[in-house]
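Okay, here's what each chain looks like letter by letter:
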Amino acid sequence: MGTKTVDEAGIETGAETTNDEDKVNATEAVKTAGDTGEEPGNEVVSEETASEETASEGPSGVGQGAGAVVSAGLGVVSLTGSWVGTVAAARETLVGQLQTSSSASVAKQIQAVYGDAWQATALWGGVFALAALLVGVVVLARPAFGAPGRPQAPWIKSAAWAGVALGVVGLLLAVLKYTDVLLGLPSAG
């Protein structure tokens, strides 16, 4: 048989203390000794304690940052144009060419071939601008519904405000283009 020793914290060591219950008791005794200050340096931090500390820190803001960048990106796309808008404009041009007879008036041909395509581009620009505006507003409003006392990072606010501003400008330009106030079609006569 092996020898048994008991240290100052009451932990038995030796060949006879190898079952799981004794290991759990030994770990709890070391934790208690570390908490009471009896033996400094013998503190044991369990995985549970570490995960509780990480969870109590709150959200990291990664989702808000991603949303802010997406908002700004959508705002830029609304101003510069998108692949979807280009395809929609080309489709409208083709449909206008197919549906307009050669005997139609010049004004009707211009509207069918070019005007509808211009409006399709403006419509898709407006969709992207509205998406940028909504995502930016959600990112800016998120801290009001999050953990109190956890401020939003300044770069997240800046990027979200940029997305909101680009969305507003893109939406305004889309409406002006769609209604022919900005760069309207030339007159046929």
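Residues numbered from 1 in each chain as written. Predicted model: local features only at pLDDT ≥ 70, side-chain atom pairs only at ≥ 80, totals over all residues. Heavy atoms only, no water.

Side note on the pattern of salt bridges
- Taken as a whole and assessed by the stated rule, the structure comprises one salt bridge.
- We note a salt bridge from Arg91 to Glu92, for which the minimum N-O separation is 3.8 Å. (Salt bridge = Lys/Arg side-chain N within 4 Å of Asp/Glu carboxyl O.)

Topic: a nonpolar patch on the surface
- On the surface, Leu79, Val169, Leu173, Leu182 and Leu183 cluster together into a nonpolar patch covering about 400 Å² of accessible area.
- Mapped onto the elements of the fold, Leu79 is located in helix H3 (residues 62-80).
- Residue classification places Leu79 among the partly exposed positions, given a relative accessible area of 37%. (Patch = residues over 30% accessible without salt bridge, like charges linked within 9 Å, V, L, I, M, F, W, Y side chains within 5 Å. Areas by Shrake-Rupley, 256 points an atom, 1.4 Å probe, with all protein chains shown as cover. Helix = DSSP H or I, 4+ residues; strand = E, 2+ residues; numbered from the N terminus. Buried < 20%, exposed > 50% of the residue type's maximum accessible area, 1.4 Å probe, protein only.)

A look at the packing of aromatic side chains
- Overall, the coordinates contain zero aromatic pairs when judged by the stated rule.
- Looking at Lys177, its charged tip hangs above the ring of Trp118, at a distance of 5.5 Å from the centre. (Phe/Tyr/Trp six-rings, centres within 6.5 Å; stacked < 30°, edge-to-face > 60°. Lys NZ or Arg CZ within 6 Å of the ring centre and 35° of its normal.)

Structural notes on the nonpolar core
- In terms of nonpolar packing, the biggest core is built from five residues, these being Ala68, Val139, Ile156, Ala159 and Ala160.
- The element best represented in this core is helix H6 (residues 154-178), accounting for three residues.
- When sequence neighbours within four positions are dropped, the list of residues in contact with Ile156 reads Gly61, Gln64, Gly65, Ala68 and Val139. (Core = buried A, V, L, I, M, F, W, Y, C linked by side-chain atoms within 4.5 Å. Contact = heavy atoms within 4.5 Å.)

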